Amino acid sequence: YTKAFQLMKQWGYTYVDDITWVKQTVNRRMAKGHGYYLQHAKETCLVGKKGVDPPNLQRSVASDVIFSERRGQSQKPEEMYEIIEQLIPGGKYLEIFGRKNNLRDYWVTIGNEL
């Protein structure tokens, strides 16, 4: 994640945590995909902040691991957004590398397919 951390720093964000999504099939088995060295069955969401903690920050609202069924191409699980929205209710939310199927109210989503 070296490049991701460099980009966060360049944009003025500080890394604070991450959320791991373990992808599952409809039969609740791990949904393995192709990787360069290993079969990938997870995605990681890096959580960052700008400046000081907001006054509405709610700590320890959920686990940092989500077990959820794989959805459409590049579509994140609903639980991912819910955790972030619970962490900072009424906050400012940014998703990078998003697609049309990732659009969500109150979020800024950027990506080359939008």
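Everything that follows concerns the structure shown earlier in this document.
Quantities reported herein were computed from a predicted structural model and do not represent experimental measurements. (Residues numbered from 1 in each chain as written. Predicted model: local features only at pLDDT ≥ 70, side-chain atom pairs only at ≥ 80, totals over all residues. Heavy atoms only, no water.)

Asker: Whenever I open this one, the side chain of Lys-76 confuses me. Can you help?
Answerer: Among the secondary structure elements, Lys-76 is positioned in the loop between β3 (65–69) and α2 (78–87). At a separation of 3.4 Å, a polar atom in the side chain of Lys-76 contacts the side chain of Glu-95. Contact partners of Lys-76, with chain neighbours within four places excluded, come to Trp-21, Glu-43, Arg-71, Tyr-81, Glu-95 and Asn-102. (Helix = DSSP H or I, 4+ residues; strand = E, 2+ residues; numbered from the N terminus. Polar contact = N/O pair within 3.5 Å; in protein donor to acceptor, adjacent residues only side chain to side chain. Contact = heavy atoms within 4.5 Å.)

Asker: Even after reading the chapter, I still don't get the pairing of β3, so can you show me in this structure?
Answerer: Two faces belong to every sheet, and in a regular strand the side chains alternate between them. Residues Ile-66 and Ser-68 point to one face of β3 and are all buried, whereas Val-65, Phe-67 and Glu-69, pointing to the other face, are not buried. Inspection of the sheet shows strand β1 (residues 14–24) paired to β3 by five bridges, in the parallel sense. Of the residues in β3, the one forming a bridge with Trp-21 is Ile-66. (Buried < 20%, exposed > 50% of the residue type's maximum accessible area, 1.4 Å probe, protein only. Pairing = 2+ DSSP bridges.)

Asker: Even after reading the chapter, I still don't get the layout of surface pockets, so can you show me in this structure?
Answerer: In this approach the atoms are scanned with a rolling probe the size of a water molecule, which exposes any empty space left behind. Reported here for the largest pocket is a volume of approximately 1700 Å³. Together, 47 residues line the largest pocket, and Cys-45, Leu-46, Val-47, Gly-48 and Ile-84 are the ones closest to its centre. Counting only elements with at least two residues in the lining of the largest pocket, the list comes to α1 (2–10), β1, β2 (42–49), α2, β4 (93–96) and β5 (107–110). The dominant element in the lining of the largest pocket, judged by the number of residues it contributes, is β2, at eight residues. (1 Å grid on protein atoms, 1.4 Å probe; cavity = no way out; pocket = protein on both sides within 12 Å on 5 of 7 lines; lining within 4 Å. Points joined across faces, edges and corners; volume = space filled by probe spheres on them.)

Asker: Would you mind going over the sheet that holds β3 with me for this structure?
Answerer: The three strands lie next to each other as β2-β1-β3, forming an open sheet whose pairing is mixed. Both outer strands of the open sheet, β2 and β3, are each paired with one neighbouring strand and no more. In this sheet, neighbouring strand axes are inclined to one another by 30° on average, regardless of whether the strands run parallel or antiparallel. Against the sheet, α1 touches β1 and β2, its axis set at about 20° to β2. (Axes fitted to C-alpha atoms, helices over the stretch in contact; angles between N-to-C directions.)

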